[in-house]
Amino acid sequence: QVQLVESGGGSVQAGGSLRLSCAASGYTYSSVAMAWFRQAPGKEREGVAAIDSDGVTTYADSVKGRFTIAKDNAKNTLYLQMNSLKPEDTAMYYCAAVRSLVVVTALSSYEYNYWGQGTQVTVSS
């Protein structure tokens, strides 16, 4: 079965860093597009960063320059390096994937059909 499992979340003070990981099973990352989404209580789920099968990345304006998405195909693992964290980054972070060579709207949740359970990130001021 296809499974995505996030890890690496936690509590950190503003200005700190965290690295989230998403371990995949059931298929290889090389044939899919993947992304990170986040959702805070009472807010809509928003796309944070995405990477397609060719390694092309897309970032939300709110995290550009602070977050970096990367993948290790050999380990079937997706990463999100988060630096200079702000209280506004506090949310549940989800890993998502789709078996597709082309994803037009990379930060749209409708593009993805596989989802992890989420990992909580809390940033205090």
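Here, every reference points to the structure presented above.
Presented here is a report on the structure given in the accompanying data block. Small disclaimer: the values here were computed from a predicted structure and weren't measured.

## A word on the overall build of the protein chain
Step number 1: Counting its regular elements, the protein chain contains zero helices and eleven strands.
Step number 2: When the helices and strands of the protein chain are placed in sequence order, the string is β-β-β-β-β-β-β-β-β-β-β.
Step number 3: Relative to the 2.2 N^0.38 estimate, which gives 14 Å for 125 residues, the radius of gyration of the protein chain is 13 Å and therefore close to what a compact globule would have.
Step number 4: Considered along the principal axes of its C-alpha atoms, the protein chain spans approximately 40 × 25 × 25 Å.
Step number 5: Evaluated residue by residue, the protein chain yields a buried proportion of 43% over its 125 residues.

## Some thoughts on the packing of aromatic side chains
Step number 1: By the definition in use, this model includes two aromatic pairs.
Step number 2: Between phenylalanine 37 and tyrosine 112 the ring centres are 5.5 Å apart and the planes differ by 70 degrees, which places this aromatic pair in the edge-to-face class. Of this pair, phenylalanine 37 sits in strand β4 (residues 33–39) while tyrosine 112 sits in the loop between β9 (91–98) and β10 (114–115), and the two are 75 residues apart along the sequence.
Step number 3: Look at tyrosine 112 and you get buried, because its relative accessible area is 6%.
Step number 4: Residues phenylalanine 37 and tryptophan 115 carry aromatic rings whose centres are separated by 5.1 Å and whose planes lie at 55 degrees to one another, so their mutual orientation is tilted. You can see phenylalanine 37 sitting in strand β4 and its partner tryptophan 115 sitting in strand β10, a full 78 residues away along the chain.
Step number 5: Residue phenylalanine 37 is classed as buried on the basis of its relative accessible area, which comes to 1%.
Step number 6: Classification of tryptophan 115 as partly exposed rests on a relative accessible area of 27%.
Step number 7: Taken together, the ring pairs in this structure connect Phe37, Tyr112 and Trp115 into an aromatic cluster.
Step number 8: The ring of tyrosine 94 is capped by arginine 45, whose NZ or CZ atom sits 4.1 Å from the centre of that ring.
Step number 9: Cation over ring: arginine 45 sits above tryptophan 115, and NZ or CZ is 4.9 Å from the ring centre.

## Quick word on the pattern of salt bridges
Step number 1: For the coordinates displayed, the defined rule picks out four salt bridges.
Step number 2: Put simply, lysine 64 and aspartate 61 hold a salt bridge, and the shortest N to O gap is 3.1 Å. Like lysine 64, the residue aspartate 61 is exposed in the burial classification.
Step number 3: A network of salt bridges, in which partner residues are shared, links Arg38, Glu46, Arg66 and Asp89.

## Some details on the state of the cysteines
Step number 1: The full count for this structure, using the stated rule, is one disulfide.
Step number 2: The disulfide partner of cysteine 22 is cysteine 95, and the S-S distance across this bridge is 2.1 Å. Between cysteine 22 and cysteine 95, the S-S torsion sits near -75 degrees, and that sign places the bridge as left-handed. Of this pair, cysteine 22 sits in strand β3 (residues 18–25) while cysteine 95 sits in strand β9, and the two are 73 residues apart along the sequence.
Step number 3: You can call cysteine 22 buried: its relative accessible area is 0%.
Step number 4: By relative accessible area, cysteine 95 is classed as buried at 0%.

Conventions adopted
Residues numbered from 1 in each chain as written. Predicted model: local features only at pLDDT ≥ 70, side-chain atom pairs only at ≥ 80, totals over all residues. Heavy atoms only, no water. Helix = DSSP H or I, 4+ residues; strand = E, 2+ residues; numbered from the N terminus. Rg over C-alpha atoms; globule rule 2.2 N^0.38 Å. Buried < 20%, exposed > 50% of the residue type's maximum accessible area, 1.4 Å probe, protein only. Phe/Tyr/Trp six-rings, centres within 6.5 Å; stacked < 30°, edge-to-face > 60°. Lys NZ or Arg CZ within 6 Å of the ring centre and 35° of its normal. Salt bridge = Lys/Arg side-chain N within 4 Å of Asp/Glu carboxyl O. Disulfide = S-S within 2.5 Å.

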